[in-house]
Amino acid sequence: MRDMGRSDDPRVQAQLDRLSSLSIQRDTLGLDTVRELLRRLGDPQDRLAPTFHVAGTNGKGSTCAFLRAMLEAAGHRVHVTTSPHLVRYNERFRVAGTLIDDARLADLLEEVFDAATGLGCSFFEITIAAAFTEFARVPADACVVEVGLGGRLDATNVLDADVLISCGIAALGIDHERFLLAPESSVPDDPMARIAFEKAGIAKSGVPLVTLNYGAGETLEIERAALRAGTALKMHGREWHASLDDAGLHYRDFAGVLDLPHPSLPGLHQAANAGLAVAMLRHQERVAAAPADLARGLREAVWPARLQRLSPGPLAGERAVFLDGGHNRSAGLALAEAIEGEHHLVIGMLDNKDPRALIEPLADRTRSIQVVPVPGHDAHRAEVFGSSAIARVDLADAFAHLPADDAPVLVTGSLYLAGEALRLNREIPD
């Protein structure tokens, strides 16, 4: 289990140590345990501000970042919970625009752990219960909640229609498939359809379900989920449209046409995430955001470790270094589309991920490959990345051995590795 972080505050460190002892996911998925924990805490999930709920395999965190930026541009106080964190566990709790401070975090976790006595909660269940408890206590105009794993049985799916105002599904792909069995899927032999079934499990009665467009099997599962839930499906290419060109992001739906700026986050794939965020805002009526707010939010959104260029610092030096936490084939294809020219690849991947997912799409863009461990996790050895891959002790060792040329560096393969790169370069997300 990865170290959940280090803190100079002994009370915070004690709670982080308790978190580190928990499993990421119990053997049996389900909502009964987290519901009981929340009941003991007074059911804070029922007292949240109007909430946007976002699922997906890739892009859900970026969609949340765009939502937050657009809502804050409109002057709203916004609570946000996302996962995983990159450097500090505090990143999972953005309370009215500011990351939670250590003293409050220690009190909050102590309270939730006390309530969880005897329940055998997972790491994520404790985290989500803590987030909802804090969000219910601090006034806000909106909440943005990112699904952790799947959707149907994810701890965040205790949110009901009285709180939710928009549910969204970003890009779908193969990731964490062993947790997403979906025996009830209409197409049990199609892994993508099974994944769509799980993600669409966040659909709630009367709450618009806003999605991208997908293949036939995935679309069928999402349509059926919307029918079962009794809600309207708002799918890209049908109820709303978004496209990107040199002039910017062009969006249209039932309410008209918007010509918006290029999204601040790099990569053509971010146009889909930005469009989804705009559509989620436009297909609800409880939290207002004008077109000018949407434009400002698109320009100002920040989401670290997504094709982020590192600043000059202790790790990067003066070299052009790009950081991306992608770790599946969808991410590999997006990276291949986004980067130009050859790069030196510094990669570390958990041993339950497929190295080919990144190596194959990036093959013609790779000048050298150095393989590093992922701190605190079991990771692939260098040989699985090909005969030319070289094992290094850690990121600092890899950077010390970079060829002396002007080719950029791409650090990728894991968000945990991305967090380590940010820490070493002293770029701590705030």
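Residues numbered from 1 in each chain as written. Predicted model: local features only at pLDDT ≥ 70, side-chain atom pairs only at ≥ 80, totals over all residues. Heavy atoms only, no water.

Draft legend 1. Structural context of the nonpolar core. Formed by 98 residues in total, the largest nonpolar core has its most connected members in Leu19, Leu37, Phe52, Ile126, Ile222 and Leu260. Residue contributions to this core peak at nine residues, all from helix α5 (residues 123-137). Filtering out sequence-adjacent residues up to four positions away, Leu37 remains in contact with Val112, Ala115, Ala116, Leu119, Cys121, Glu125, Ile126 and Ala129. Ranked by size, the runner-up nonpolar core spans 21 residues in total, among them Leu315, Val321, Val372 and Leu422. (Core = buried A, V, L, I, M, F, W, Y, C linked by side-chain atoms within 4.5 Å. Buried < 20%, exposed > 50% of the residue type's maximum accessible area, 1.4 Å probe, protein only. Helix = DSSP H or I, 4+ residues; strand = E, 2+ residues; numbered from the N terminus. Contact = heavy atoms within 4.5 Å.)

Draft legend 2. Structural detail: the sheet that holds strand β12 (residues 308-309). Strand order in this open sheet of six strands is β12-β13-β17-β14-β15-β16, and the pairing throughout is mixed. Taken across any chain shown, the strands that pair with only one partner, and hence form the sheet edges, are β12 and β16 (390-391). Where strand β14 (residues 343-347) lies against strand β15 (residues 366-371), five bridges are found, and the strand directions are parallel. Residue pairing across strands places Val346 opposite Gln370, the latter belonging to β15. The strands that helix α13 (residues 415-424) touches are β12, β13 (321-323), β14 and β17 (409-412); relative to β13, the one it contacts most, it runs at about 135°. (Pairing = 2+ DSSP bridges. Axes fitted to C-alpha atoms, helices over the stretch in contact; angles between N-to-C directions.)

Draft legend 3. Layout of the side chain of Asn328. Relative to the elements of secondary structure, Asn328 occurs in the loop between β13 and α10 (329-338). Here the side chain of Asn328 touches Ala331 through a polar contact of 3.0 Å, landing on its backbone nitrogen. (Polar contact = N/O pair within 3.5 Å; in protein donor to acceptor, adjacent residues only side chain to side chain.)

Draft legend 4. Structural context of the sheet that holds strand β9 (residues 240-245). The three strands lie next to each other as β9-β10-β11, forming an open sheet whose pairing is antiparallel. Strands with a single pairing partner mark the edges of an open sheet, and in this sheet they are β9 and β11 (256-260). Geometrically, the sheet is characterised by an average inter-axis angle of 15° between neighbouring strands, direction not taken into account. Inspection of the sheet shows β9 paired to strand β10 (residues 248-253) by six bridges, in the antiparallel sense. Across the sheet, the residue bridging to His241 is Arg252, located in β10. Lying on the sheet, helix α8 (residues 270-282) is in contact with β9, β10 and β11; it crosses β10 at an angle near 35°. Running at roughly 35° to β11, helix α9 (residues 291-300) makes contact with β10 and β11 of the sheet.

Draft legend 5. Main features of helix α4 (residues 102-115). Taking 1.5 Å as the rise per residue, α4 with 14 residues should run 20 Å; its terminal C-alpha atoms sit 20 Å apart, in good agreement. Residues Leu105, Ala106, Leu108, Leu109, Val112, Phe113 and Ala115 constitute the buried set of α4. Looking at the packing, one finds that the buried side of α4 touches α1 (10-20), α2 (32-40) and α5. Measuring from the side-chain oxygen of the N-cap residue of α4 to the backbone nitrogen of Ala103 gives 3.2 Å; that N-cap residue is Asp101. (Expected span 1.5 Å × (residues − 1).)

Draft legend 6. Spotlight on the pattern of salt bridges. A complete count under the given rule lists 20 salt bridges for this structure. Ionic pairing is found between Arg39 and Glu36, a salt bridge with its closest N-O pair at 2.7 Å. With Arg39 and Glu36 both in helix α2 and three residues apart, the pair spans about one turn of that helix. For Arg39, a relative accessible area of 49% corresponds to the partly exposed category. Accessibility expressed as a relative area gives 22% for Glu36, which makes it partly exposed. Look at the salt bridges and you will find they share partners, linking Arg319, Glu342, Arg367 and Asp405 into a network. (Salt bridge = Lys/Arg side-chain N within 4 Å of Asp/Glu carboxyl O.)

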